[in-house]
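# Breakdown of the fold
Now for the letters of each chain:
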Amino acid sequence: MSQSYNRGLIEDFGRWKEFSAGMWAWIFHKFTGWILIGYLFTHIAVLSTSIGAAGNEAAIANETDVYTTTLGGLEGLFLIRLLEVGLLAVAVFHILNGLRLLMVDLGIGLEAQDKSFYASLVLTGAITVASVPTFLTGVGI
Amino acid sequence: MAERYSSFTPGGTGWFLQRVTAAFLVVVLAFHFFLLHFVNHAYEITFLGTQARMENIGYFLTMVLFLITATFHGVNGVYNALVNQGLEGTQKKVVLAVLVIASLALVAQGTYVALTMRGMI
């Protein structure tokens, strides 16, 4: 039978020096999750320029519609490219650690849950670094 | 068994849906990033190109489902994170109501945007 008791505050960030690998994984997952959902709202807002662009066939054909020019304008900014690299890092970590969490939930590889967290971090770093040239193509500082 | 430090009720609907959407999002988020940054580059995106992709019904439906599952997964995650931080009582109800309204608005706006990209509006 399950037992009810007051667990108190589950994440006491004041005790961060005592956190284990699993706790850091939990915190990073939450932090990257906040960024991703925040980004989703921003993403839909930017893509909403398609509402103004739709129907203006001449502008669409000339690629001068508000959707194309807005996205093109943003992509011309070095800061945006840098933020995109950051977003990739955040998304890749959330995906890899998410796979790790699904495994943990299924009870697979529990004894290696700390190692799989470190592996998620290393793989995220490697994929992010390898993606930098692609993300910075055709933009000046 | 070790104590569970999660606000999700194990075996509950919220717990289950968070994991089902996670499994879907792992694949679709990776596909989305790959397609729009490595196959097509973000700086080359035009309305014409977006329209061509969205005219494929499979792609269109995948993107709408992506929006719905991502919104649910993200907002449900935020809600549970706040509950873990000690949110309760009236505050908890108000936060839930605000998050539900924000989610519905995001899905409605995103679906409208997807329809304009497909040339249906």
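Keep in mind the model is a prediction, meaning the values are calculated, not measured.

All names here are of chain A. The UniProt record marks residues 21-41, 78-96 and 117-136 with the feature "transmembrane region" (unreviewed entry), using the residue numbering of this structure. Taken end to end, residues 78-96 is 100% helix and 0% strand, and its first and last C-alpha atoms sit 27 Å apart. The distance separating the terminal C-alpha atoms of residues 117-136 is 28 Å; by composition the span is 95% helix and 0% strand.

Residues and elements named next belong to chain A. Interaxial distance between helix H5 (residues 78-105) and helix H6 (residues 113-135) falls to 9 Å at its minimum, and their mutual angle equals 155 degrees. Put simply, H5 runs roughly antiparallel to H6. Of the two possible hands of crossing, H5 and H6 adopt the one that is right-handed. The residues of H6 that touch H5, namely those facing Arg81, Glu84, Val85, Leu88, Ala89, Val92, Phe93, Leu96, Asn97, Arg100 and Val104, are Gln113, Ser116, Phe117, Ser120, Leu123, Thr124, Ile127, Thr128, Ser131, Val132 and Phe135. Residues that form the contact of H5 with H6 fall into these classes: 12 nonpolar, 7 polar and 3 charged.

Here H6 of chain A is 23 residues long and its end C-alpha atoms lie 32 Å apart, about the 33 Å a rise of 1.5 Å per residue gives. Elements in contact with the buried residues of H6 of chain A: helix H1 (21-47) and H5 of chain A together with helix H1 (13-39) of chain B.

We now examine the UniProt feature "transmembrane region" (unreviewed entry) in chain B. The sites that UniProt annotates as "transmembrane region" (unreviewed entry) are residues 20-39, 59-82 and 94-115 of chain B. Taken as a whole, residues 59-82 of chain B contains 100% helix and 0% strand, while its terminal C-alpha atoms sit 34 Å from one another.

Quick look at the interface of chain B and chain A now. Taken residue by residue, the interface counts 34 residues in chain B and 37 residues in chain A. Where the side of chain B that touches chain A is concerned, the elements lending two or more residues are H1, helix H2 (47-54), helix H3 (57-84) and helix H4 (89-117) of chain B. Top element by residues in the side of chain B that touches chain A is H1 of chain B. It accounts for 9 residues. The residue inventory of the side of chain B that touches chain A, partitioned by class, reads 21 nonpolar, 12 polar and 1 charged.

Take the domain arrangement of chain A next. For chain A, the domain assignment lists domain 1 (41-76) and domain 2 (78-136). Measuring from the centre of the C-alpha atoms in domain 1 of chain A to the corresponding centre in domain 2 of chain A gives 31 Å.

Counting residues in each nonpolar core, the largest one holds 22 residues, and the members touching the most others are Ala91, Val92 and Ile95 of chain A together with Ala114 of chain B. For this core, the elements supplying multiple residues, two or more each, are H1 and H5 of chain A together with H1, H3 and H4 of chain B. If you look at the next biggest cluster of nonpolar residues, it comprises 6 residues, including Ala53, Ala54 and Ile60 of chain A together with Phe47 of chain B.

Cut-off values and rules
- Residues numbered from 1 in each chain as written.
- Chains lettered and ligands numbered in written order.
- Predicted model: local features only at pLDDT ≥ 70, side-chain atom pairs only at ≥ 80, totals over all residues.
- UniProt positions renumbered as here; feature names shortened; annotations may be inferred.
- Helix = DSSP H or I, 4+ residues; strand = E, 2+ residues; numbered from the N terminus.
- Axes fitted to C-alpha atoms, helices over the stretch in contact; angles between N-to-C directions.
- Parallel < 35°, antiparallel > 145°, perpendicular 65-115°, else oblique.
- Left-handed = near helix turned anticlockwise from the far one by under 90°.
- Contact = placed C-beta atoms within 7 Å.
- Nonpolar A, V, L, I, M, F, W, Y, C, P; charged D, E, K, R; others polar.
- Expected span 1.5 Å × (residues − 1).
- Domains from an automatic or database assignment.
- Core = buried A, V, L, I, M, F, W, Y, C linked by C-beta atoms within 7 Å.
- Buried ≥ 20, exposed ≤ 12 C-beta atoms within 10 Å, placed from the backbone.

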